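Structural features, examined
What follows is each chain in one-letter form.
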Amino acid sequence: MRDRLDGLWRDEDFVDWYPRDGRPGLSPAQLATVCVLQFLLGLSDRQAAEAVRCRIDFKYALAMELDDPGFHHSVLTDFRDRLAEDDRADRLLDLALARLKEAGLVRERTTQRTDSTHVLAAVRDLTRLELVTEAVRAALEEVSATAPHLLDDLVDDDWAVRYGRPVRLGKNPTKPMTRILAAGNDAVRLLDHLYRHGAGRAHGPRVQALRQIMVQNYHQDAAGRLRWRTAEKEDGPGLPPSARAIVSPYDISARYARHGHIISWKGFTAHLTETCAPDTPNVITDVATTEATTHDSQVLPGIHTRLARRRLLPAEHLVDAGYTALPHLHQATWEHQVTVSGPLKSNPTRQHRQNEGFARDDFHIDYDKRQVICPRGQVSAGWHGPYPTSSPTAAPLIIARFTKSQCRPCPDRPRCTSTADDARKVGFPPREHRDLQLRIRAEQQTPEWKARYAVRSGVEGTVNEFAYGHGMRRCRYRGHGKAHVQHVLTAIAVNIERLSGRPPAGETSMSRRPTAFQSYLDHRGIHRPKSWRTLGT
């Protein structure tokens, strides 16, 4: 890092992070480098500070004198707090990639690939009853640390029994309704007491979290009594959606999400983008940290915006089916000249799924005349829209309607629509989206596209490297901002690790030696595949 790049940052890069007055502080460029080395080697704050004092390789990388005493480990916590403000973590990655670009280690308009993985928040898995009870305990701890006198007229022996230690009730506690009502009434009493006597003490983060958790888990009936919220399908008032439901009073930004019947977690989602050109090293060019409930396709515009700011936009962007929303593919093509390659969802109509009858693609769409012609030659009587859809990732929809007088006498009616009295309706996106959709679906059937897209699978190894090689599966810190700082520092550490393994300029890396059986095959002149990708082709 120092020999080839002379460091990734300069102190001048951090001028606007610190006030102009006051005593001189530690070098922010050195602190940023220590944070990256900390994630590269898996060190705690104390271990990283000790390495700066004692290890000669750290002193060499930081350009420090051998007798430099280093700094206290708490300085790293303060520096990460600064990184979590605004978009400073992304700016740190911008500066690091700019140095790599100047050194010719990464360039724009190549091929890049993106994938996501789940990240577990640094909180316990709580049931709803445990969540409310622990939220009351967290609020009591916060008030006790700042203004303990406010609790003198409120807390008694029963409160000490219920909240004197961390809550662990399990999924089947004894007398659940009694505990639910006791915790809810205690929370109401505490919040009311703080608002009447605590003034500014009622606005701490734990107290505010308790207030939101109470709204999400309780309601008042017509008589004003506190009641436990149940789902609408159980004739209850309903529960908040996962995108809004708080899962822990200690990290209100963490969310519960579920992918199919296999993966469910509470935390965040990390999206990793890397280059995959055959003649250059794979470099992480972007890291995005979103709520666990955010759909993958909603992240794609932000990735392209940040890559455009770094002047590292790809020519082709390889993604999986979760990112291929038609509006975002069109936006990437027209705004950034980026070809997004990924499996596009097939026609969702019943006729297409069952491979019988007339599907949407069997109808001729004339955008100029604003009409649709069915396979039997009937012309639609209505053209409505485009209408926005309920999904934020779906394209607007145009609806073409046929009349009952056209559909009832048709001999192919059973193959066209399953309704008894209604006529056929055909929904389709606007022209620019429809043309792009047809072109992409046609390209995906070609061997050339499949060969290019096969490179995308390599990002799965990168995800595994982050999750298990550098501990990104679990958050070190609480909060969305600090989780993103962890992911950015891990990405820079991975880049350093990958680039440090490259041979110096002018030297070629040694290829892997063949195994004994591979040498036997080569000696006998028997052909063997050079890559697992060629199997089955």
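My aim in this report is to walk through the structure given alongside it, one point at a time. (Residues numbered from 1 in each chain as written. Predicted model: local features only at pLDDT ≥ 70, side-chain atom pairs only at ≥ 80, totals over all residues. Heavy atoms only, no water.)

**Describing the pattern of salt bridges**
Scanning the model with the defined rule gives 31 salt bridges in all. Ionic pairing is found between Arg498 and Glu274, a salt bridge with its closest N-O pair at 2.8 Å. With Arg498 in helix α19 (residues 480-500) and Glu274 in strand β5 (residues 263-275), this pair connects stretches of sequence that are 224 residues apart. Owing to a relative accessible area of 0%, Glu274 belongs among the buried residues under this scheme. When the shortest N-O distance is used, the salt bridge between Asp286 and Arg306 registers 2.8 Å. In this pair, Asp286 sits in strand β6 (residues 284-291) while Arg306 sits in helix α11 (residues 300-309), placing the two residues 20 residues apart along the sequence. For the pair Asp286 and Arg306, a shared accessibility class is recorded, and that class is buried. (Salt bridge = Lys/Arg side-chain N within 4 Å of Asp/Glu carboxyl O. Helix = DSSP H or I, 4+ residues; strand = E, 2+ residues; numbered from the N terminus. Buried < 20%, exposed > 50% of the residue type's maximum accessible area, 1.4 Å probe, protein only.)

**As for the packing of aromatic side chains**
Going through the model one piece at a time under the given rule, you end up with eleven aromatic pairs. With centroids separated by 5.0 Å and ring planes inclined at 75 degrees, the aromatic side chains of Tyr218 and Trp228 adopt a geometry described as edge-to-face. Of this pair, Tyr218 sits in strand β2 (residues 218-220) while Trp228 sits in strand β3 (residues 226-228), and the two are ten residues apart along the sequence. Neither residue differs from the other here; Tyr218 and Trp228 are each classed as buried. Aromatic rings pair up to connect Phe14, Trp17 and Phe79 into one cluster. Across the ring face of Phe39, the terminal group of Arg476 is positioned such that the distance to the ring centre comes to 4.5 Å. (Phe/Tyr/Trp six-rings, centres within 6.5 Å; stacked < 30°, edge-to-face > 60°. Lys NZ or Arg CZ within 6 Å of the ring centre and 35° of its normal.)

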